[in-house]
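# Analysis of the macromolecular model
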Amino acid sequence: MSDRLIERVRIPAMSGRGVFLQRDQRLRVITPEGAQVGDLFAFVQDDLADTLSPSQTRSILDKFNLVVGRPLYSVARRALFMLEEDAVGVHDLLAPACDRLRYLEDFGIEGHRNCRDNLNAALEQLGCSPPGYPDPINLFQNTPIADLEGRRETGASLAMPGDHVLLRALEDLVVVVTACSQDQTVLNGGQPKGLLLEVYG
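These numbers come from a predicted model, not from an experiment. (Residues numbered from 1 in each chain as written. Predicted model: local features only at pLDDT ≥ 70, side-chain atom pairs only at ≥ 80, totals over all residues. Heavy atoms only, no water.)

Moving on to the environment of Arg 116. With respect to the element layout, Arg 116 can be found in helix α3 (residues 115-126). Among the residues examined, Arg 116 registers a relative accessible area of 16% and is labelled buried. Separated by 17 residues in the primary sequence, Arg 116 and Tyr 133 place their C-alpha atoms 8.2 Å from one another. In this structure Arg 116 touches Phe 41, Ala 97, Cys 98, Asp 99, Tyr 133, Pro 134 and Asp 135, once residues within four positions along its chain are discounted. (Helix = DSSP H or I, 4+ residues; strand = E, 2+ residues; numbered from the N terminus. Buried < 20%, exposed > 50% of the residue type's maximum accessible area, 1.4 Å probe, protein only. Contact = heavy atoms within 4.5 Å.)

Put into structure tokens, the structure is as follows:
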């Protein structure tokens, strides 16, 4: 990749950050310390209701995972990203973003940091108010389907320090990535960590 670096955004542990991407710019999502999930959200700039859709993506790809050289799709079946590089190859297209109620009901913790609140905070920082909040594509998340009954396992992310995905924007997009706050399971290796975004163009 010969594009020049335009912007670098550090996402502290248990928080979220966003960027504006123009068509054909590239976004590298990096897990500097490894074993950290990143919830990826995207909104079409001229139609914030048209959002990145894990369900449309897995339906069109006919897979439960991402495929290098294939797009990621919106709720309107519009191709939003092209996946150009993937150092990990294991992601999740099923789980919603965690929220306060998840931590309260499942773990008995009130007011826990979570990806839904972190998404909202990042959108507010960008001055964006979409009409709804979509489910994410969970980068680097290792939650395989375990058996024929459809039970899902929770495993530690397989991402190693410095692993990344590289996405090329196919539309002008608002993109938010949250560093997953899950510290009650092995999902983030038992300890949430930060992520890094790099924008190239």
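Next, the rest of the story.
Its volume calculated, the largest pocket comes out at about 320 Å³. If you trace the largest pocket, you find 18 residues lining it, with Ala 95, Pro 96, Arg 102, Gln 141 and Leu 187 closest to the centre. Along the lines of polarity and charge, the residues of the lining of the largest pocket split into 7 nonpolar, 6 polar and 5 charged. (1 Å grid on protein atoms, 1.4 Å probe; cavity = no way out; pocket = protein on both sides within 12 Å on 5 of 7 lines; lining within 4 Å. Points joined across faces, edges and corners; volume = space filled by probe spheres on them. Nonpolar A, V, L, I, M, F, W, Y, C, P; charged D, E, K, R; others polar.)

Bringing the packing of aromatic side chains into the picture now. Summed over all chains, the structure comprises 1 aromatic pair. Seen from their ring centres, Tyr 103 and Phe 107 are 6.0 Å apart, and the 40° between their planes marks the pair as tilted. Placement of both Tyr 103 and Phe 107 in helix α2 (residues 100-107) is noted, with a separation of 4 residues, approximately one turn of the helix. A relative accessible area of 0% means that Tyr 103 is categorised as buried. A relative accessible area of 27% places Phe 107 in the partly exposed class. (Phe/Tyr/Trp six-rings, centres within 6.5 Å; stacked < 30°, edge-to-face > 60°.)

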